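Examining the three-dimensional arrangement
Here are the chains, one letter per residue:
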There are 2 protein chains.
Amino acid sequence: MRATVMHGPRDVRIETVPDSQIKEPTDALLRVTRACVCGSDLWPYNLRTEGEDAQRMGHEAIGIVEDIGSEVQTLKKGDLVVMPFAFSDGTCVFCHEHLHTACLHGGFFGNGGMEGAQAEALRIPQADGTLFVLPVSPEDPLMPSLLTLSDVMGTGHHAAVVARVAPGKIAAVIGDGAVGLCGVIAAKRLGAEQIILLGRHPDRIALARDFGATDIVTGRGEDAIARVLDLTGGLGAHAVLECVGTDQAMNTAVGIARAGGAIGRVGVPHYETVPSAGPLFFKNVVVGGGPAPVRAYIEELLPDVLEGRIDPGRVFDRTVGLDGVPDGYRAMNDRESIKVMVKP
Amino acid sequence: MRATVMHGPRDVRIETVPDSQIKEPTDALLRVTRACVCGSDLWPYNLRTEGEDAQRMGHEAIGIVEDIGSEVQTLKKGDLVVMPFAFSDGTCVFCHEHLHTACLHGGFFGNGGMEGAQAEALRIPQADGTLFVLPVSPEDPLMPSLLTLSDVMGTGHHAAVVARVAPGKIAAVIGDGAVGLCGVIAAKRLGAEQIILLGRHPDRIALARDFGATDIVTGRGEDAIARVLDLTGGLGAHAVLECVGTDQAMNTAVGIARAGGAIGRVGVPHYETVPSAGPLFFKNVVVGGGPAPVRAYIEELLPDVLEGRIDPGRVFDRTVGLDGVPDGYRAMNDRESIKVMVKP
């Protein structure tokens with residue numbers, strides 16, 4: 001079968017690999033019908049060092065269950081399912097607390113030697129706990145939005161939840177990638193009165209406005225902070241959704257957070273420490289977030305997708321086959337594309 | 001009148017200063033009946049640099065209203081009141097949100113040129129919003145516990161609230177100073193099932209056990225982390241109350257926090273950045289806290305003090321007059337005393 005393999009910086013290849021197969025009785029084999037490239041895939045795309053082991057890529061998918069292990073109970077062959085970016089057993093203490101990304105028997109797809117979803121198929125560990133059966137057909141027009149439930153919509157929602165978005169609050173979303181745009185949707189959905197997007201790409205800004213952003217701040221650093229303070233009566237935003245993962249984005253987050261507010265960070269942190277320990281303290285600002293337990297959020301978000309109240313699938317602006325994946329990475333990295341869908 | 005003035009490192013003096021007086025129509029003049037030395041006073045005691053302006057010290061007091069400005073409406077001469085460590089107008093947007101330590105017209109006693117409470121008297125700005133009238137007489141036996149409502153009990157409570165202590169949860173309290181000990185009381189009061197104190201002084205440990213600590217960890221650094229993990233089935237504590245303010249304490253907090261847990265930091269941070277941005281992220285641990293809005297907490301905590309359900313006044317193990325204040329600093333700094341009460 002064919003799969004996407006990252007070998008080095010900006011070296012993504014489509015290769016023939018051994019067919020995926022069931023190894024554990026709790027596994028399923030997933031035939032991928034939709035996958036995509038994630039903003040987080042661009043971190044290794046740019047920063048991977050030579051000499052690291054090659055890594056199968058992709059952690060977002062919808063697909064059809066092709067086979068199941070002997071202990072799988074809730075799935076059957078032919079089920080159409082969405083695959084969260086993390087696998088989880090659904091039964092451990094953390095899964096019961098709806099923090100599936102801390103599952104005691106879990107892990108992440110396309111990472112640490114796990115198979116990836118930018119492929120014809122992949123092995124799904126802990127299939128009962130991981131996969132979520134979708135009540136639609138494989139070519140349903142909602143497929144793009146349903147695919148975002150595997151990561152970016154759930155991740156944007158996580159940022160909003162951790163940042164304590166609530167009716168009447170002011171939310172600020174740092175980053176105009178797919179996660180930031182889904183953060184705008186999530187902030188709107190949770191009732192934010194004012195939603196400020198910090199971003200600089202016209203196509204993304206236009207989409208953010210459609211999703212509910214009320215204000216756009218295109219500057220960076222101190223300029224961005226001053227502008228957000230201007231827009232918020234000098235006080236800052238109650239809820240800051242940090243959807244980038246850089247030190248600069250975190251500095252901006254601290255600067256624009258209102259006293260007593262919260263920062264929900266979902267950008268994979270490429271910084272060692274959280275800046276501004278003193279200002280955060282004297283403002284009593286809470287910093288939280290991490291890998292979103294998207295498995296837990298599917299049940300909450302799915303009805304809004306099925307009934308058309310949210311349309312996060314609009315973040316996809318390009319569709320490729322497997323052979324187009326390497327150029328998809330390039331296009332997203334060059335900001336030519338917001339998010340690339342893959343139809344293997 | 002006489003007041004405590006800090007001139008340089010370990011140079012605390014009792015001096016004759018101009019009598020405090022009302023300057024603004026919203027002021028009150030407070031005759032101090034009880035004050036105390038705070039663990040946070042030891043930071044400048046040790047770290048103050050030569051050449052800084054002399055600073056009047058003390059931010060915790062009970063006293064009698066001796067005079068009021070023309071606009072003060074809720075207080076009258078002769079009222080016995082507790083003075084929170086921060087003054088606040090009680091009417092701004094942050095006060096209405098119960099974050100009095102972010103008051104738009106507020107500030108901190110014994111700091112930045114403000115008068116201090118380790119004195120015969122002091123000027124109270126924003127008196128209506130700041131002072132809380134006590135329903136007891138000035139020599140009531142509950143005076144020590146009532147005095148802790150000006151800071152340490154409210155601060156320990158804040159740590160517990162931010163760390164999300166709740167019934168059945170495991171709490172870990174880092175630091176066995178007066179705030180940490182009050183954190184134990186707060187964790188117990190909010191229903192923690194297991195309360196682990198990280199401290200090393202026998203007198204404080206004994207008091208912590210009386211207050212409800214179920215386990216004591218006397219090691220530091222990696223040893224302490226390993227021991228807490230041992231005590232918590234390898235998972236860590238849901239709620240970590242960081243009551244020290246050092247980099248080492250924060251590192252320990254991150255190490256012992258359970259995935260999905262929260263760290264409430266109330267030790268004034270003497271570190272520039274919050275360590276371990278990555279581990280905090282991948283565990284989805286929330287970090288919050290700051291100057292406690294003790295004014296907001298008095299109403300919640302006061303009934304428990306008046307009715308004897310909590311007895312935080314036991315943190316005082318020494319009482320001095322004003323002349324004894326310099327030696328009180330020394331005794332607390334040498335860990336001879338947990339907390340020193342001052343009867344001017």
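Residues numbered from 1 in each chain as written. Chains lettered and ligands numbered in written order. Predicted model: local features only at pLDDT ≥ 70, side-chain atom pairs only at ≥ 80, totals over all residues.

Digging into the domain arrangement of chain A
Residues and elements named next belong to chain A.
- Per the domain assignment, the segments of chain A are domain 1 (2–151 + 293–342) and domain 2 (153–288).
- The gap between the C-alpha centroids of domain 1 and domain 2 is 26 Å.
- At the interface, 18 residues of domain 1 touch 17 residues of domain 2.
- Examining the composition of the side of domain 1 that touches domain 2, we find that five residues originate from one element, helix α11 (residues 294–306), more than from any other.
- A per-class count over the side of domain 1 that touches domain 2 returns ten nonpolar, three polar and five charged. (Domains from an automatic or database assignment. Contact = placed C-beta atoms within 7 Å. Helix = DSSP H or I, 4+ residues; strand = E, 2+ residues; numbered from the N terminus. Nonpolar A, V, L, I, M, F, W, Y, C, P; charged D, E, K, R; others polar.)

Digging into the interface of chain A and chain B
- At the interface, 26 residues of chain A touch 26 residues of chain B.
- Taken together, the elements giving at least two residues each to the side of chain A that touches chain B come down to β15 (257–265), α10 (277–282) and β16 (286–288) of chain A.
- Considering every element that reaches the side of chain A that touches chain B, the biggest residue donor is α10(A), with four residues.
- Taken together, the residues of the side of chain A that touches chain B sort by class into 14 nonpolar, eight polar and four charged.

Here's the deal with α11(A)
Residue and element names in this part refer to chain A.
- When the terminal C-alpha atoms of α11 are compared, their 17 Å separation across 13 residues agrees well with the 18 Å that a helix rising 1.5 Å per residue should span.
- At Glu 300, α11 shows its maximal kink, close to 45°; a proline, Pro 303, follows between one and four residues later.
- Looking at α11, one finds that the buried residues are Val 294, Arg 295, Ala 296, Tyr 297, Leu 301 and Val 305.
- Looking at the buried residues of α11, the elements they touch are α3 (127–130), β10 (132–133), α4 (143–148) and α5 (152–162).
- Backbone geometry just downstream of α11 places Gly 308 in the positive-phi region, at approximately 75°. (Expected span 1.5 Å × (residues − 1). Bend = angle between axes of the 7 residues up to and from the residue. Buried ≥ 20, exposed ≤ 12 C-beta atoms within 10 Å, placed from the backbone.)

Some thoughts on unusual backbone geometry
Residue and element names in this part refer to chain B.
- A positive phi angle, close to 60°, is found at Arg 10, a residue other than glycine.
- Structurally, Arg 10 can be placed in the loop between β1 (2–8) and β2 (11–16).
- The residue Gln 126 is not glycine, and still its phi comes out positive at about 50°.
- Structurally, the position occupied by Gln 126 is in the loop between β9 (121–124) and α3 (127–130).

Brief notes about the nonpolar core
- Grouped together as the largest cluster of nonpolar side chains are 230 residues, with contacts concentrated most on A:Ala171 and B:Ala171.
- If near-sequence neighbours (up to four positions away) are discounted, B:Ala171 is found in contact with B:Ala160, B:Ala163, B:Val165, B:Ala187, B:Ala192, B:Ile195, B:Ala237, B:Ala239 and B:Leu241. (Core = buried A, V, L, I, M, F, W, Y, C linked by C-beta atoms within 7 Å.)

Comments concerning the relation of the copies chain A and chain B
- Once turned by 180° and shifted 0.0 Å along the axis, chain A lies on chain B with an RMSD of 0.0 Å. Expressed as an axis order, the relation between the two copies is that of a two-fold axis.
- Take the interface residues of chain A: 100% of them recur as interface residues in chain B, which is what a same-surface contact looks like. (Least-squares fit on C-alpha atoms with pLDDT ≥ 70 in both.)

Some remarks on the environment of A:Ala163
Residues and elements named next belong to chain A.
- Looking at the secondary structure, you find Ala 163 in the loop between α5 and β11 (170–174).
- For Ala 163, a count of 35 C-beta atoms within 10 Å gives the class buried.
- Expressed as a C-alpha distance, the spacing of Ala 163 and His 270, which sit 107 residues apart in the sequence, is 20 Å.
- Every residue in contact with Ala 163, bar those within four places of it in the chain, is listed here: Ala 171, Ala 239, Val 240, Leu 241, Ala 262, Ile 263 and Gly 264.

Side note on the packing of helix α5 (residues 152–162) of chain B against helix α11 (residues 294–306) of chain B
Residues and elements named next belong to chain B.
- For the pair α5 and α11, the least separation of the axes is 9 Å and the interaxial angle reads 95°. In this view, α5 runs roughly perpendicular relative to α11, as classed from their interaxial angle. Contact with α5, carried on its side by Met 153, Gly 154, Thr 155 and His 157, involves Val 294, Tyr 297 and Leu 301 of α11 and no other residues of that element. (Axes fitted to C-alpha atoms, helices over the stretch in contact; angles between N-to-C directions. Parallel < 35°, antiparallel > 145°, perpendicular 65-115°, else oblique.)

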